[in-house]
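What the coordinates show
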Amino acid sequence: MKKKWHLPLLILLVVGSVLIIRQQYTMPYQHNKGMVFGTFYSITYQHPNDLQKEIEAELKKVDEALSPFNKNSIITAVNENRPVTLNKMFTDVFTLAKEVSEDTEGAFDITVAPFVNAWGFGFKSNVMPTPEAIDSLRTFVGFEKVEMRKNAIVKKDPRVTLDCSAIAKGYGVDVIAKFFHEKDIKNFLIEIGGEISAYGVNAKHEAWGIGVEKPEDDSLSVSSNLFTVLKAENIAMATSGNYRNFYYKDGKKYAHTIDPRTGNPVQHNILSATVLCNSCAKADAYATSFMVLGLEKAKEILSRHREMKAFLIYHDKDSYGVWKSPGL
């Protein structure tokens, strides 16, 4: 008697599966573009409705927590030593930044902004700093000079400022990815200022292809030559390089990546660091760290972080050299 129910149930399961598959193939992909955090975003996702207003509402929350360009943001209040209540977005990013800083022996440091500004990047464009000027800035640069205590930021020197630009874009990507997961959106590609999260498949039902740019000097951002294309599936990816933001003075190149431990622009052969893992904020922070640390130290850190993979491009005599994680 029970067996009579098997066939109708089986038919129901088959029909349901066919309808679900058909829906996956016929549901449209939405495309949203705009500006956030002083850069561009481009987001593609499979959903019957355009969710741009909801997406921008989520990004606004990140901006209100972490943007130093927003006069009313939490980070601006912290930098101006005004009383402010920290929210979860701020504390999440601060905690991760501290963890990466400790793991990279200070190569990642969100207090580095005074050094960045002194070298002519960031908010200001100054004359070339003297060694004495750099030394004077050391008194209020360094993660050890700031801590989070009872939902507040405590500084050893009131001149300490925080700048999350090397992690905030990646965190913004993670926020939108979480928003999509909560809406059960399975196929999407999120890109904010070059930081990416890719899940599922594209409109052609193929894995997302993510281009890694050739690290050619391009301060005007007009070049788009690709070095390679990585297939990305259910992964976040961030790239850091010195081929966009730099200048030459007296025949010497000065790149925007500043070593927080010395206060000086980095001088080594690594040109571009692409990091892949399950968190774009983490990938963002480590990509910046690897640009500071150089090739060998980056490989050492990757050897103890099996959850991360990297694609590193470096200068090798008159050509490019590549190091990539096994299995990438």
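Residues numbered from 1 in each chain as written. Predicted model: local features only at pLDDT ≥ 70, side-chain atom pairs only at ≥ 80, totals over all residues. Heavy atoms only, no water.

Here we take up the pairing of strand β16 (residues 319-324). In terms of strand pairing, strand β15 (residues 309-316) meets β16 through 6 bridges, oriented antiparallel. Paired with H315 across the bridge in β16 is Y320. A loop of 2 residues connects β15 with β16, the two strands running antiparallel in sequence, and K317 in this loop sits at a positive phi of about 60°. (Pairing = 2+ DSSP bridges. Helix = DSSP H or I, 4+ residues; strand = E, 2+ residues; numbered from the N terminus.)

Now for helix α4 (residues 88-103). With 16 residues, α4 should reach 22 Å at 1.5 Å per residue; the first-to-last C-alpha distance of 22 Å fits that figure. Within the span of α4, buried status applies to M89, F90, T91, V93, F94, L96, A97, V100, S101 and D103. N-cap assignment for α4: the residue whose side-chain oxygen lies 3.3 Å from the backbone N of M89 is N87. Positive backbone phi, approximately 55°, marks E105, located one or two places after α4. (Expected span 1.5 Å × (residues − 1). Buried < 20%, exposed > 50% of the residue type's maximum accessible area, 1.4 Å probe, protein only. Polar contact = N/O pair within 3.5 Å; in protein donor to acceptor, adjacent residues only side chain to side chain.)

So, on to helix α9 (residues 295-303). Those residues of α9 that fall on the buried side of the exposure criterion are L295, A298, I301 and L302. For α9, the buried positions fall inside an angular range of 125° around the axis, keeping them on one side. (Arc of directions from axis to C-beta.)

With that settled, consider the confidence of the model for the protein. The pLDDT averaged across the protein works out to 86; a share of 83% of its residues lies at or above 70. Element-level pLDDT for the protein is lowest in strand β10 (residues 246-249), with a mean of 42, against a maximum mean of 98 in helix α7 (residues 168-182). In the model, residues 218-222 has pLDDT below 50 throughout and makes 9 contacts with residues more than four positions away in sequence or in other chains. Long-range and interchain partners of residues 245-254, a stretch whose pLDDT sits below 50, account for 28 contacts in this model, where long-range means more than four residues apart. (pLDDT = per-residue confidence, 0-100. Contact = heavy atoms within 4.5 Å.)

What follows deals with the sheet that holds strand β14 (residues 270-277). One open sheet accounts for 8 strands, arranged β1-β2-β5-β6-β9-β14-β15-β16; its pairing is antiparallel. Here the strands that pair on one side only, and so sit at the sheet edges, are β1 (29-36) and β16. In this sheet, neighbouring strand axes are inclined to one another by 15° on average, regardless of whether the strands run parallel or antiparallel. The pairing of strand β9 (residues 235-241) with β14 spans 6 bridges and is classified as antiparallel. Looking at β14, one finds that A238 is bridged to V275. Across the sheet, helix α2 (residues 52-66) lies against β1, β2 (39-46) and β5 (188-192), angled at about 135° from β2, the strand it touches most. Packing of α7 onto the sheet brings it into contact with β2, β5 and β6 (195-199), and relative to β5 it is tilted by some 155°. (Axes fitted to C-alpha atoms, helices over the stretch in contact; angles between N-to-C directions.)

Moving on, we get to the nonpolar core. Within the largest apolar cluster, 80 residues are counted, with the highest numbers of intra-cluster contacts made by I55, L66, F90, I167, F180, I190 and F290. Element by element, the count of residues in this core is highest for helix α8 (residues 280-293), at 10 residues. Ignoring sequence-local partners within four residues, the contact set of F290 consists of I270, A273, V275, A298, I301, L302 and L312. Ranked by size, the runner-up nonpolar core spans 13 residues in total, among them A198, W208, F311 and I313. (Core = buried A, V, L, I, M, F, W, Y, C linked by side-chain atoms within 4.5 Å.)

Turning our eyes to something else, we now look at the pattern of salt bridges. Tallied over the entire structure, the rule returns 18 salt bridges. K61 serves as the salt-bridge partner of E58, at 3.1 Å between the closest nitrogen and oxygen. Here K61 and E58 lie together in helix α2, a separation of 3 residues that amounts to about one turn. On the accessibility criterion, E58 (18% relative accessible area) is buried. For R138, the salt bridge identified is with D135, shortest N-O distance 3.0 Å. (Salt bridge = Lys/Arg side-chain N within 4 Å of Asp/Glu carboxyl O.)

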